[in-house]
Amino acid sequence: MCGRRTGNLNPNSNQAKGDILEQLTCIWRGVKNLNIENDNYRSPIDHSRDPELGIIQTRGRVINRKWWSIPVEYEHGKEFDNLVFYCVDKDFRNIIRIYIIPRKEIESRNSVSITNDSLPRWYDEYRVNEEIVKKVNKIFHSII
């Protein structure tokens, strides 16, 4: 049995952090975690359908210097409508930014790198407003 099923995941591992962020999406968006419900952590679909966003894929990263970067090329071909991307501080204590990026943007890239500066970028239109980030941070704090 794997660490997820036995509760023996290292809390600093990428798997544990990913599980927390998936749980965060479930609570925030009011969707089910299909990995837990189906007892299948390799399922291509992580969440039940969101009435507004459709099928959601959750990703997140801890800041690395002045940016958050995720490879998305292995998301190509997966079934989802929007990717929720959490930008987390270096200590995994606060959500700094959230982006809801449509699949068409993910499919056209191999990676997504979000900088911590104020220059205009392609992803700015997908950034979630600060009031929602504050609300999501309260949920995040209750989980961690």
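Now for a description of the structure that goes with this document. (Residues numbered from 1 in each chain as written. Predicted model: local features only at pLDDT ≥ 70, side-chain atom pairs only at ≥ 80, totals over all residues. Heavy atoms only, no water.)

Glancing now at the packing of aromatic side chains. In this structure the tally under the stated criterion is 5 aromatic pairs. On the basis of an interplanar angle of 85° and a centroid distance of 5.5 Å, the ring pair of Y99 and Y123 is categorised as edge-to-face. Separated by 24 residues along the polypeptide, Y99 in strand β4 (residues 95–102) and Y123 in the loop between β5 (111–115) and α5 (130–143) bring together distant segments of the chain. Judged by relative accessible area, Y123 falls into the buried class, the value being 3%. Plain terms: the ring middles of W122 and Y123 are 5.4 Å apart, the flat faces sit at 80° to each other, and that makes the pair edge-to-face. Through pairs of rings, three or more aromatic residues link up here, namely Y99, W122, Y123 and Y126. Here R103 stacks its cationic end above the ring of F80, 5.6 Å away from the centre of that ring. The ring centre of W122 lies 3.5 Å from the NZ or CZ of R109, which sits over that ring. (Phe/Tyr/Trp six-rings, centres within 6.5 Å; stacked < 30°, edge-to-face > 60°. Helix = DSSP H or I, 4+ residues; strand = E, 2+ residues; numbered from the N terminus. Buried < 20%, exposed > 50% of the residue type's maximum accessible area, 1.4 Å probe, protein only. Lys NZ or Arg CZ within 6 Å of the ring centre and 35° of its normal.)

Moving on to the sheet that holds strand β1 (residues 56–62). On the basis of which strands lie adjacent, the open sheet formed by 3 strands has the order β1-β3-β4 and mixed pairing. Because the sheet does not close on itself, it has two edges, and the strands there are β1 and β4. Strand-to-strand twist of the sheet, defined as the mean angle between neighbouring strand axes without regard to direction, takes the value 20°. Pairing analysis gives 7 bridges linking strand β3 (residues 82–88) to β4, with the strands arranged antiparallel. The partner of V88 across the bridge, within β4, is I95. Seen against the sheet, α5 touches β3 and β4 and runs at an angle of roughly 110° to β4. (Pairing = 2+ DSSP bridges. Axes fitted to C-alpha atoms, helices over the stretch in contact; angles between N-to-C directions. Contact = heavy atoms within 4.5 Å.)

Honestly, that's just the spatial picture; any functional story needs more than this.
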